[in-house]
Amino acid sequence: MAIILGLESSCDDSAAALVTSDRRILAQAVVGQNEAHRPFGGVVPEIAARAHVDILPGLIRAVLEEAGLGIADVDAVAATAGPGLIGGVMVALLAGKGIALAAGKPLVAVNHLEGHALSPRLVDPALSFPYLLLLVSGGHCQLLDVRGVGDYLRLATTIDDAAGEAFDKAAKILGLGYPGGPAIEALAQGGDPAAVPLPRPLVGSGEPHFSFAGLKSAVLRARDSGLYSAEDIAASFQQAVIDCLIDRTKRAIAKAQGVNALVVAGGVAANQAIRGALQGLAAQHDLRFVAPPLWLCTDNAAMIAWAGAERYAAGLTDPLDVPARARWPLDPSAEKARGAGVKA
Ligand code: KG4
Ligand code: ZN
């Protein structure tokens, strides 16, 4: 049994956690920065990086104290090394390097996306490879055939905005707070999902990818028309996103070889309507459906510690000069998707 310290600071959440290789979460702490970024309707990289420097050391001390452990009891230090806002990524990675060097522990440089991708296995020991993963977060929208630790086949990505980014932009248009996902979901409860005619970009298309930029523009036009309530726009927007996600995932199920489960991860996976629709799709295809608990969907360090535990068990540790990376695709062999705003 190994104990892994996980560190995360790639976006706007600072987090530390202690997780064991036999799936026990000994302690974890997450401090979000929503208040700091709210006036801007999105994450401001410089504000985020400075906040991580302030917050992260205290979280590391707090989780060790809560678990009643010293750094000598830890077997490896896992830190997110990308992709993300580079100033933020460097904070956890440098902290991890410092601790690894000072305490003589191995370092595991974790791809944040692999953290999301493997997180369902932390809470579901029965989830085995390969599985089809819909990874939907603020920065990413991908369908991945998860073959094993470090072994990913990217089946689709977004050619413009990520799903969470679309929620955040639609929320901003509707004058809601940041982050937009939970705000839209709450507002949508009182609205009619069929009230506003909105496009479903790329639905039915021969290409595998996602696109949400046109949907965002349509939300702007719907608001400016003055014809619809904010509740109806929110509900119709959420339904359009669901229709896009389901259509693209259905296509990927037909392409993926031998997967035994449909798994959703990333912050947008916290959305109950999206979870419900995906569950229905999985049932139609006789696939198990696995969605991590909400706290594990949004950014946290337990998923980084767990990915670290899986990599450590596979002998995958990293040298202390491993770089922080703003971009870091999980499947380096995947073809670049067309489109200007492609993230990975
Ligand atoms: O995975 P995450 O915490 O951070 C990234 O790695 O991006 O995802 C954050 C994203 C934000 O865009 C947020 O609006 C979205 O997840 N999100 C949601 C919900 N909760 C968070 N989107 C839709 N419905 C939700 N309930
Ligand atoms: Zn994330």
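Calculation notes
- Residues numbered from 1 in each chain as written.
- Chains lettered and ligands numbered in written order.
- Predicted model: local features only at pLDDT ≥ 70, side-chain atom pairs only at ≥ 80, totals over all residues.
- Heavy atoms only, no water.
- Near = heavy atom within 4 Å.
- Polar contact = N/O pair within 3.5 Å; in protein donor to acceptor, adjacent residues only side chain to side chain.
- Areas by Shrake-Rupley, 256 points an atom, 1.4 Å probe, with all protein chains shown as cover.
- 1 Å grid on protein atoms, 1.4 Å probe; cavity = no way out; pocket = protein on both sides within 12 Å on 5 of 7 lines; lining within 4 Å.
- Sits in = over half its atoms within 2 Å of the grid points.
- Helix = DSSP H or I, 4+ residues; strand = E, 2+ residues; numbered from the N terminus.
- Buried < 20%, exposed > 50% of the residue type's maximum accessible area, 1.4 Å probe, protein only.
- Contact = heavy atoms within 4.5 Å.
- Donors = N, O, S within 2.8 Å, 3.2 Å for Na, K, Ca; no water.
- Tetrahedral: all angles 85-135°; square planar, octahedral: opposite > 155°, others 65-115°.
- Pairing = 2+ DSSP bridges.
- Axes fitted to C-alpha atoms, helices over the stretch in contact; angles between N-to-C directions.

Novice: Please give an account of the site of ligand 1 that cites residues and values.
Specialist: Near ligand 1 lie 21 residues; those nearest to it are Gly138, Asp168, Gly181, Glu185 and Gly267. Between ligand 1 and aspartate 299, the relevant distance is 3.0 Å, taken from an oxygen atom to a main-chain nitrogen or oxygen of the residue. Notes on ligand 1: free accessible area 550 Å², of which the protein chains cover 91%. A molecule is said to occupy a pocket when more than half its atoms come within 2 Å of that pocket's grid points, and by this definition ligand 1 occupies the largest pocket. Top contributing element to the shell around ligand 1 by residue count: helix H6 (residues 180–188), with 4 residues.

Novice: Lay out the environment of alanine 302 with the relevant residues and their values.
Specialist: Examined against the element boundaries, alanine 302 turns out to sit in helix H11 (residues 302–313). Here alanine 302 falls in the buried class, since its relative accessible area comes to 0%. The residues touching alanine 302, leaving out its near neighbours within four places in the chain, are Ala17, Val19, Gln28, Leu122 and Trp295.

Novice: Describe the coordination of the zinc ion (ligand 2), listing the residues and the values that go with them.
Specialist: His112 (NE2), His116 (NE2) and Asp299 (OD) make up the full set of protein donors to the zinc ion (ligand 2), lying at 2.0 to 2.2 Å. Viewed at the metal, the 4 donor atoms of the zinc ion (ligand 2) are separated by angles of 93 to 147 degrees, and the geometry they form is irregular. Along the chain, the residues that donate to the zinc ion (ligand 2) are spaced as H-x3-H-x182-D. Taken together, the residues span a long stretch of sequence, with histidine 116 in helix H4 (residues 112–123) and aspartate 299 in the loop between helix H10 (294–297) and H11 at a distance of 183 residues. Residue classification places aspartate 299 among the buried positions, given a relative accessible area of 15%.

Novice: An account of the sheet that holds strand S7 (residues 141–148) is needed here, citing residue identities and associated values.
Specialist: The sheet built from 5 strands is open, its strands ordered S8-S7-S6-S9-S10 with mixed pairing. Edge positions in the open sheet fall to strand S8 (151–156) and strand S10 (288–290), since each of these has one partner strand only. For this sheet, the mean inter-axis angle between neighbouring strands, taken without regard to orientation, is 25 degrees. With 5 bridges connecting them, S7 and S8 associate as antiparallel partners. Of the residues in S8, the one forming a bridge with valine 146 is tyrosine 152. Seen against the sheet, H4 touches strand S6 (131–136), S8, strand S9 (261–265) and S10 and runs at an angle of roughly 130 degrees to S6.

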